[in-house]
Every structure is written in C-alpha cells, then in structure tokens.
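Each chain, written out:
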Amino acid sequence: MKAKILSVIVVLMACAAQVSAQENLKIGYTNADYVLSLLPEAKQIDAELKAYEKQLQNQIQAKYNNLQTKMSDYQANAATWDDLIRTDKEEEIQSLQQSIQKFSQDAETSMGNKRNQLLKPVYEKIGNAIEQIAVENGYTHIFSAGSPGFDVLLYAREQDDVSNLILKKLGITPPAVEGK
C-alpha cells in the first residue's frame, strides 16, 4: 500500500515538473538571410565580393588570352619549327593550361575565404542581437528558418518570428509587410 502511494506521488511530481517545464518554454525563429539582406553592410559586402570576383575573372581571362595567342602561334608555325622548338612550345602550352586550371581552383577557394572573412563580423553581430532578443523577451530557443536545405525548423507560428525584433535591435526598421 505504501509503495502504491509512493509511486503515485512520484508520478504526480514528474507530471508537475513536466508541466512546469512546458510553461517556461518559449520558442522563436528567424531567417538570418533575410536579416542579413536588410543590413547596410550587406550591400558593401556584396559590392566587395563582386569587385574581387571581377579581379579574379580578369586574371583568368588574361591567362586564357595568353594561351589562345600561344596556341594560334603554334598552329600557324608548328610545321616550320624543328622538333626542339615544337616540343618547347607544346610544353609551354601545357604549362599554361595547367596554370589556368590551378588558378581557377585557387580563385574559387579564395572567393569562398573572402566571403567568409567579410561575413563573419556581420554574422557575429546578428548572433549577438539574437542572443539579446532571446534574453530580453524570455525565449528559451530560437531556430533558423528560410534557408532552403538548411532549415532547422519545420513548422512555426508566424507570431513567433523574431526577425523584425532582431532588425530593430540592429537599428533597422523592418519593411512593411502587406496584409499586416
């Protein structure tokens, strides 16, 4: 009999603890890409990335033009060159092709590094604002939504979206949404 009463008390205490924990749970979500797109820094970062990409493309194009010139020269004159010159020109063309391929790969890596370097402080700024919003508004969890393929949130009520609070915390007036 005492064991049954003790079991009932333990079950009731567990249920009370679970109800209490659920009452303190407050979940929000945001779309970090949306917030990022409205920051003034986003335009500057985009402009810097485009300028850097253009520099890399110009360098690749210059290397490609040099290759085209060497190939045209080779095609026009290969029949008149002796084997030593022809072999040297072929090696030079191969070397240029390899150089273009390596530069293209390195440029892609460099572009990613540049993007990360420019975005890191902005993501930290957004992260700090999210943390402040969570503390100030009593959120226990804030999830990320709106990044296709990277959603951490499968469903949420619209009123739990904290994106506009984050924008306000960052000093940005959120754009008006029709129907609200």
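Residues numbered from 1 in each chain as written. Predicted model: local features only at pLDDT ≥ 70, side-chain atom pairs only at ≥ 80, totals over all residues. Heavy atoms only, no water.

1. Looking at the packing of aromatic side chains
What counts, and what does not: Two rings belonging to Phe, Tyr or Trp (six-membered ring only in the last case) form a pair when the distance between their centres is within 6.5 Å. Interplanar angles under 30 degrees mark stacking, angles over 60 mark edge-to-face geometry, and anything in between is tilted. The rule is simple: take the accessible area with a 1.4 Å probe, protein chains only, and divide by the maximum for that residue type; under 20% is buried, over 50% is exposed, in between is partly exposed. Our definition puts a charge over a ring when NZ of Lys or CZ of Arg is within 6 Å of the ring centre and also within 35 degrees of the ring normal.
Overall, the coordinates contain one aromatic pair when judged by the stated rule. Between tyrosine 74 and tryptophan 81 the ring centres are 6.0 Å apart and the planes differ by 55 degrees, which places this aromatic pair in the tilted class. Taking the relative accessible area as the measure of exposure, tryptophan 81 reaches 15% and is therefore buried. Here the basic side chain of lysine 26 rests over the ring of tyrosine 139, its NZ or CZ set 4.5 Å away from the ring centre. Cation over ring: lysine 114 sits above tyrosine 52, and NZ or CZ is 5.4 Å from the ring centre.

2. Describing the nonpolar core
Note the following rule: Among buried residues, the Ala, Val, Leu, Ile, Met, Phe, Trp, Tyr and Cys ones that are joined through side-chain atoms within 4.5 Å form a nonpolar core. Starting at the N terminus, helices and strands are each numbered in turn, a helix being any DSSP run of H or I of at least four residues and a strand any DSSP run of E of at least two. Between two residues, a contact is recorded if the distance between any of their heavy atoms is within 4.5 Å.
Grouped together as the largest cluster of nonpolar side chains are 22 residues, with contacts concentrated most on Leu39, Ile126, Ile166 and Leu170. Secondary-structure elements contributing two or more residues to this core are helix H2 (32-38), helix H3 (40-77), helix H4 (83-137) and helix H5 (163-169). Counting residues per element, this core draws most heavily on H4, which supplies nine residues. Each residue touching isoleucine 126, except ones within four places of it in the same chain, is listed here: Ala32, Val35, Leu36, Leu39 and Leu170.

3. So, the confidence of the model for the protein chain
Operational definition: The quantity known as pLDDT measures the predictor's confidence residue by residue, on a range of 0 to 100.
Considering every residue of the protein chain, the mean pLDDT works out to 84; 80% of them sit at 70 or more. Under a pLDDT of 50 for its full length, residues 1-8 has, in the predicted model, zero contacts with residues more than four places off or in other chains.

4. Brief notes about the packing of H3 against H4
Here is the rule we go by: Angular values range over 0 to 180 degrees, each being the angle between N-to-C directions of two axes fitted as lines to C-alpha atoms, with helices fitted over their stretch in contact. Should an angle fall under 35 degrees it is taken as roughly parallel, and over 145 as roughly antiparallel, whereas 65 to 115 is taken as roughly perpendicular and any remaining angle as oblique. In this classification, the charged set is Asp, Glu, Lys and Arg, the nonpolar set is Ala, Val, Leu, Ile, Met, Phe, Trp, Tyr, Cys and Pro, and all remaining amino acids, among them Gly, are polar.
It is the contact of H3 with H4, at a shortest axis distance of 10 Å, that shows an interaxial angle of 180 degrees. Relative to H4, H3 is oriented roughly antiparallel. Its residues assigned to classes, the contact of H3 with H4 shows 18 nonpolar, six polar and 13 charged.

5. Things to note about the environment of tyrosine 52
Following the sequence through the fold, tyrosine 52 ends up in helix H3. As a C-alpha pair, tyrosine 52 and arginine 115 span 63 residues in sequence and 9.9 Å in three-dimensional space. Those residues in contact with tyrosine 52, other than ones at most four positions away along the chain, are Ser110, Met111 and Lys114.

6. Some thoughts on the pattern of salt bridges
Worth spelling out the cut-off: The rule for a salt bridge is simple: a side-chain nitrogen of Lys or Arg has to be within 4 Å of a carboxyl oxygen of Asp or Glu.
Applying the stated criterion across every chain, the model contains six salt bridges. Measuring nitrogen to oxygen at the nearest pair gives 2.4 Å for the salt bridge that ties aspartate 83 to arginine 86. Within this pair, aspartate 83 and its partner arginine 86 are both found in helix H4, separated by three residues, close to a single helical turn. Across the pair aspartate 106 and lysine 102 runs a salt bridge whose closest N-O atoms are separated by 2.6 Å. Pair noted here: aspartate 106 and lysine 102 are both in helix H4, with a separation of four residues, about one helical turn.

7. A look at the environment of threonine 80
Positionally, threonine 80 belongs in the loop between H3 and H4. Under the relative-accessibility criterion, threonine 80 is labelled exposed at 65%.

8. So, H4
Cut-off, in case you're wondering: To estimate how far a helix should extend, the number of its residues minus one is multiplied by 1.5 Å. Bend angle per residue: angle between axes fitted to the 7 residues ending at that residue and the 7 residues starting there. The definition of a polar contact used here is a pair of N or O atoms within 3.5 Å, where within protein one atom must be able to donate a hydrogen and the other to accept one, and adjacent residues in sequence count solely through side-chain atom pairs.
Its 55 residues place the ends of H4 79 Å apart at the C-alpha level, agreeing with the 81 Å of an ideal helix rising 1.5 Å per residue. Largest kink in H4: about 35 degrees, centred on leucine 119, with the proline proline 121 one to four residues after it. Of the residues making up H4, those classed as buried are Ile93, Leu96, Ile100, Ala107, Met111, Leu118, Leu119, Val122, Ile126, Ala129, Ile133 and Ala134. Near the N-terminus of H4, the side chain that reaches the backbone nitrogen of leucine 84, with its oxygen 3.1 Å away, is that of aspartate 82.

9. What about the side chain of threonine 30?
Within the secondary structure, threonine 30 sits in strand S1 (residues 27-30). Judged by its relative accessible area of 3%, threonine 30 is buried. Beyond its immediate stretch of four places on either side in the chain, threonine 30 contacts Val35, Ile130, Ile142, Phe143, Ser144, Ala145, Asp161, Val162, Ser163 and Ile166.

10. What to know about H3
If you check H3, its first and last C-alpha atoms are 56 Å apart, about what 38 residues at 1.5 Å a residue would give, namely 56 Å. Of all the residues in H3, the buried ones are Ala42, Ile45, Leu49, Tyr52, Leu56, Leu67 and Tyr74. Where H3 is buried, its residues meet H2 and H4.

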